[in-house]
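# Structural features, examined
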Amino acid sequence: MTSEACSGSRCARSGTLRRRVMDEDTAVLIDMAPRPEKGDSYGSTGRPSEPGGHQAAACRAGTLANPRIADFVLVWEEDLRLGRQQDNASRDKTALHRAWRETFLDNLRVAGLHVDQRDIQDEDSAVHYVLLSAPWAVLCYYAEDLRLKLPLQELPNQASNWSAGLLQWLGVPNILLEDVPDVPPEYYSCQFKVSKLSRFLGSDNQDTFFTCTNRHQIIFEILAKTPYGHEKKGLFGVDQLLSQGVFRAAFPLHDGPFTAPPEGLRATGLSQRHILFRHWAHWRKWYKYQPLDHVRRYFGEKVALYFAWLGFYTCWLLPAAVVGTLVFLVGCFMAFSDTPTQEVCSSADSFEMCPLCLDCPFWLLSSACAQVQAGRLFDHEGTVFFSSFVALWAVLFLEYWKRKSATLAYRWGCSDFEDIEERPRPQFAASAPTTAPNPITGVDEPYFPRRSRVHRVLAGSVVVAMMVAVVVMCLVSIILYRAIMAILVSRSDNTLLAAWASRIASLTGSVVNLVFILILSKLYVALAHVLTRWEMHRTQTRFEDAFTLKVFIFQFVNFYSSPIYIAFFKGRFVGYPGSYHSLFGVRNEECAAGGCLIELAQELLVIMVGKQVINNVQEILVPKLKGWWQKFRLRSKRKVGASTAAGQAPWEADYELLPCEGLFDEYLEMVLQFGFVTIFVAACPLAPLFALLNNWVEIRLDARKFVCERRRPVAQRAQDVGIWFPILAGITHLAVISNAFLLAFSSDFLPRAYYRWTRAGDLRGFVNFTLARAPPTFAAEHNRTCRYRAFREDDGRYSWTYWHLLAIRLAFVIVFEHVVFSISHVLDLLVPDIPESVEVKVKREYYLAKQALAENETHSCLFLSCPRRVAPAQHSPTVSSAPCSGSQLWREFTAPPSPPFPIVRQGLLVPSSYFLNWAPLPSWPLNSLVAQ
């Protein structure tokens, strides 16, 4: 491909120019792309039927999949009927979008990409596909610029699984293990340097040296930085064009279809996508290990780390689910054999209870027998053991995940990505007011003052606090709804409804709360996006961490506010007969006869299970409906007689898929689930079981979504799960404190223990012990006496038993959390964060990288000079040779050139070794110098 000259005053500029270069500056463009030759199999997007066109080789060595002619695709649609019906404003907008699009594509050509356009058109509409691929010179330049890590030495595959090792040691057949074909090899790797090209494995084969994910990352980097207008105004990058509607989609191509290949094709010839479908995304593989190395090779480290964490978390849920189920079964047995429960059910009319509202009738405690039995399912001695078990389980889970994460980060070559390799975000680079040296690399980078960012973060925090206040207001409204609903239902003539008034109000309130949660979540996520962009975070990782923290704070309050109210506030500020407390004129809620713990369990099951069911239905039905509509809409545009989906071009088939929406929602769903499993586990020991069942479905559901239903995402590197790990650690610490207070203040565990120690070991008379008598004034007013749950004297004052129990409860909280935290810290010290074997391999890799790249070599360099604003036909460039050090080469310039070295400002040094190490040798057409 040859460079194209700029026309008129609108010159196409490379997207990687430093921001200080002004629009009026001139430059000389040098075409460095290799010439298409017969037999070439990389880099071109030319049509196979056209002269000189050739196809890109398959991205994976040894694959028998059909070779593709592009790595990345841009799509836009055009309604031809609007051209005859548009008004002036619409016509101007269409013309502006067309100009932006043409400028953007011209700049992509200047940046060195091969650009080919394919159109599907009928009388009324057209779909335009722009096929992009990067030639060898561009790939090499950007691989070094992006600090990609490429292999130096191959290693035997060292993937291991602790459960597989345990089963092998026990001699038990492992049904979870499966041989997956085409296992990706492991390597010692280091950052790519063109001057050391020969040191890297596979450097003699340009077709397979860069993987598919490498090519996608490089092309997307160019797309993210290429301008289509003035950069200071934010007119750059494909993301802006997508948001403006200039393009409809931008995505890398899948590696062929996921359906089965023709019969007789060997397993080694399967495409990567089909291997993932057959051995990972298929529903029949729900009990098999995930092929994480294959996932990482196809989708990148970020997606692979998510599935690694999800699989690890699901595996660890198994012991928690087993223990929780056993504790629940113990509760089922105790519900019918418990002495206080039997006393309630056999009390007949012994305990007449005070009205639950102003106009509600008196009622008998024996009518709440079923509720008390249900409450005993979750409130018994086994709950204390299970709460301690889950607290320690969560600590061990996080400690061993740190080890697993460190192992995967090393094996996948991203253990120092965030600290050294990650580059500034394009949006940050364009908007930053100044530059400053990077303290690690020493390279001049865009810089935004820390003080200004802190001010913006504080301002954003105020907005977050306001949204949290909105959630609290919604919670208050739900509390009032429950109180009013309980009053209305209790007045019913139906005896059964009146008896279950509190439970009906609580259940319907939970459903209303779930609706509020889902609505507010959508609104706040959009607001968090705007706030995070305004805060100007330097890297994509910091940007995502800031966004994640904002959304999680909101979602935490959104999802957990109602359970927290039931667990720690409901029934605490009721007052006593004759002196009830009220909120906005409505009497405060009381706990039902079975206690608040059963209501908390009900709330958790409604929100947790209800949210999981809704999410799974959405993930199954919504993509199918959207995908069906997308295919119907696009195929209706095809010409009559055109080929069906079986004969579609790969970019057409991928465009019919839904866009990939990232991993944020997936992480958020699982982390909120982790909170339900740990923070309130004292109230619902079945929570781990429901989470385990959901996650078994979730893994395959997400796998199918990525492999079959979504366009291929751009492979992104990641060092770990990001800020989600600190959030999980915070939830774990909060869970210890929460369960301590639940057991102390919401459960009957301590009152039962106190009664057993001080009065009766068999708990006979415990029900009467927990019930106080209404004050004489209240009894005289209603001409009858009644009982209510409290430790008060007859005049309404707290009894000495209340204060004794309060001291015991506070002491229990302190002892419980100190014991659990102490054991947690001991476990933290005993379990190293990084396995010793991984530390040795990291040191070995560092040594090999230093040996491979630390040698100083002297290069023969070419010095090119060319007059500014002079056409190449009138002046020929001067070529001279001079020795220079490759490590010092680019330090002589105020701005590095754009790929593939098209910018010459006053003079450009290019090391000859940069080209001599390549095979085949790219063309160096000095006569193609073009003056701007």
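The preceding data block contains the structure.
## Digging into the overall build of the protein
A tally of regular secondary structure across the protein gives 29 helices and 21 strands. Every one of the 932 residues in the protein was classed for burial, and the buried ones make up 52%. The contacts in the protein between residues at least 6 apart in sequence include a share of 78% that link residues at least 24 apart. Here the protein displays about 42,400 Å² of accessible surface, and carbon together with sulfur accounts for 60% of that area.

## Quick notes on the sheet that holds strand β7 (residues 249-252)
Strands sit in the order β3-β4-β2-β7 across an open sheet of four strands; the sheet is antiparallel. On the outer flanks of this sheet lie β3 (114-121) and β7, each paired with one strand and no other. The mean inter-strand angle of the sheet, taken between neighbouring strand axes irrespective of direction, is 20°. Here four bridges tie strand β2 (residues 72-79) to β7, and the two strands are oriented antiparallel to one another. Bridged to Phe 72 within β7 is Pro 252. Strands β2, β3 and β4 (125-133) of the sheet are contacted by helix α1 (residues 88-110), whose axis makes an angle of about 160° with β2.

## Some thoughts on unusual backbone geometry
The phi angle of most residues is negative, glycine excepted, and most peptide bonds adopt the trans form. Even without a glycine there, the phi angle at Ala 348 is positive, about 55°. Positive phi values are uncommon outside glycine, yet Asn 783 reaches one of about 60°. Its location among the elements puts Asn 783 in the loop between α26 (776-782) and β17 (787-789). Given the relative accessible area of 71%, Asn 783 is considered exposed.

## A short note on the state of the cysteines
Under the criterion given, the structure shown has two disulfides. Each sulfur in the disulfide pair Cys 354 and Cys 786 lies 1.9 Å from the other. Residues Cys 354 and Cys 786 share a disulfide whose torsion about the S-S bond is about 85°; that sign makes it right-handed. A residue pair is termed long-range when its members are at least 10 positions apart, and Cys 354 in the loop between β8 (352-353) and β9 (363-364) and Cys 786 in the loop between α26 and β17 qualify at 432 residues.

## Things to note about helix α9 (residues 301-337)
In this model, α9 (37 residues) spans 54 Å end to end at C-alpha, consistent with the 54 Å of a helix rising 1.5 Å per residue. Where α9 bends most, at Leu 318, the angle is about 30°, and the proline Pro 319 comes one to four residues later.

## As for the side chain of Lys 285
Along the chain, the position of Lys 285 falls in the loop between α7 (272-281) and α8 (292-299). Exposure remark for Lys 285: the relative accessible area of 17% places this residue in the buried category. Those residues in contact with Lys 285 that lie beyond four places of it in its chain are Glu 178, Arg 278, His 279, Trp 280 and Arg 700.

## Digging into the pattern of salt bridges
All told, the structure shown has 25 salt bridges when counted by the stated rule. Residue Glu 535 is joined to Lys 550 by a salt bridge in which the shortest nitrogen-to-oxygen separation is 2.8 Å. Here Glu 535, found in the loop between α17 (501-534) and α18 (540-568), pairs with Lys 550, found in helix α18; they are 15 residues apart in sequence, far enough to count as distant. The buried category is assigned to Glu 535, whose relative accessible area is 1%. The exposure class assigned to Lys 550 is buried, which follows from its relative accessible area of 9%.

## Topic: a nonpolar patch on the surface
Together, Ile 175, Trp 283, Trp 286, Tyr 287, Leu 318, Val 322, Leu 326, Leu 329, Leu 693, Trp 696 and Val 697 make up an exposed nonpolar region whose accessible area comes to about 1,000 Å². Only α9 and α22 (687-709) provide two or more residues apiece to the nonpolar patch. At four residues, α9 tops the list of elements feeding residues into the nonpolar patch. If you trace the backbone, Trp 696 turns up in helix α22.

## Side note on the side chain of Asn 739
Position of Asn 739 relative to the elements: it lies in helix α23 (residues 724-746). At a separation of 3.0 Å, a polar atom in the side chain of Asn 739 contacts the main-chain amide nitrogen of Ala 682. Excluding anything up to four places from it in sequence, Asn 739 contacts Ser 387, Thr 678, Ile 679, Phe 680, Val 681 and Ala 682.

## Some details on helix α2 (residues 136-145)
One turn of an α-helix holds 3.6 residues; hence residues three or four places apart share an orientation. Within α2, eight of the ten residues are buried, which leaves it mostly tucked inside the rest of the structure. Trp 136, Ala 137, Val 138, Leu 139, Cys 140, Tyr 141, Tyr 142 and Ala 143 are the residues of α2 that are buried. One or two positions beyond α2, positive phi appears at Arg 147, with a value near 60°.

## Considerations on the pairing of β3
Walk down a regular strand and you will see the side chains alternate between the two sheet faces. Two elements, β3 and β4, share eight bridges in a ladder whose sense is antiparallel. The residue bridging Ile 120 from the neighbouring strand is Val 127, located in β4.

## Here we look at the packing of aromatic side chains
Summed over all chains, the structure comprises 54 aromatic pairs. If you follow Arg 712 out to its NZ or CZ, it ends over the ring of Tyr 298, 3.7 Å from the centre. Taking NZ or CZ as reference, Arg 784 lies 4.4 Å from the ring centre of Phe 362, over its face.

## Concerning the environment of Ala 567
Residue position: Ala 567 is located in helix α18. Residue Ala 567 is classed as buried on the basis of its relative accessible area of 1%. Distance from Ala 567 to Ser 746, taken between C-alpha atoms, is 6.5 Å for residues 179 residues apart in sequence. Beyond its immediate sequence surroundings of up to four residues, Ala 567 is in contact with Arg 572, Leu 600, Leu 742 and Ser 746.

## Structural notes on the nonpolar core
Grouped together as the largest cluster of nonpolar side chains are 116 residues, with contacts concentrated most on Phe 299, Trp 309, Tyr 313, Trp 393, Phe 552, Leu 600 and Trp 724. It is α9 that contributes the most residues to this core, 18 residues altogether. When neighbours within four sequence positions are excluded, Leu 600 is seen to be in contact with Pro 563, Ile 566, Ala 567, Phe 680, Ala 683 and Leu 742. Grouped together as the second largest cluster of nonpolar side chains are 42 residues, Cys 190, Phe 192, Val 194 and Tyr 228 included.

## Examining the environment of Val 586
One can find Val 586 in strand β15 (residues 586-587). Taking relative accessible area as the criterion, Val 586 reaches 18% and is therefore assigned buried. In contact with Val 586, other than residues within four places in its own chain, are Leu 480 and Ala 483.

## Looking at the packing of α2 against helix α5 (residues 212-225)
It is at 10 Å that the axes of α2 and α5 come closest, and there the two elements cross at 85°. Considering their axes alone, α2 and α5 lie roughly perpendicular with respect to each other. Here Val 138, Leu 139, Tyr 142 and Ala 143 of α2 come into contact with α5, specifically with Arg 215, Ile 218, Glu 221 and Ile 222. A breakdown of the residues in the contact of α2 with α5 according to their chemical character gives six nonpolar, no polar and two charged.

Cut-off values and rules
- Residues numbered from 1 in each chain as written.
- Predicted model: local features only at pLDDT ≥ 70, side-chain atom pairs only at ≥ 80, totals over all residues.
- Heavy atoms only, no water.
- Helix = DSSP H or I, 4+ residues; strand = E, 2+ residues; numbered from the N terminus.
- Buried < 20%, exposed > 50% of the residue type's maximum accessible area, 1.4 Å probe, protein only.
- Contact = heavy atoms within 4.5 Å.
- Areas by Shrake-Rupley, 256 points an atom, 1.4 Å probe, with all protein chains shown as cover.
- Pairing = 2+ DSSP bridges.
- Axes fitted to C-alpha atoms, helices over the stretch in contact; angles between N-to-C directions.
- Disulfide = S-S within 2.5 Å.
- Expected span 1.5 Å × (residues − 1).
- Bend = angle between axes of the 7 residues up to and from the residue.
- Salt bridge = Lys/Arg side-chain N within 4 Å of Asp/Glu carboxyl O.
- Patch = residues over 30% accessible without salt bridge, like charges linked within 9 Å, V, L, I, M, F, W, Y side chains within 5 Å.
- Polar contact = N/O pair within 3.5 Å; in protein donor to acceptor, adjacent residues only side chain to side chain.
- Phe/Tyr/Trp six-rings, centres within 6.5 Å; stacked < 30°, edge-to-face > 60°.
- Lys NZ or Arg CZ within 6 Å of the ring centre and 35° of its normal.
- Core = buried A, V, L, I, M, F, W, Y, C linked by side-chain atoms within 4.5 Å.
- Parallel < 35°, antiparallel > 145°, perpendicular 65-115°, else oblique.
- Nonpolar A, V, L, I, M, F, W, Y, C, P; charged D, E, K, R; others polar.

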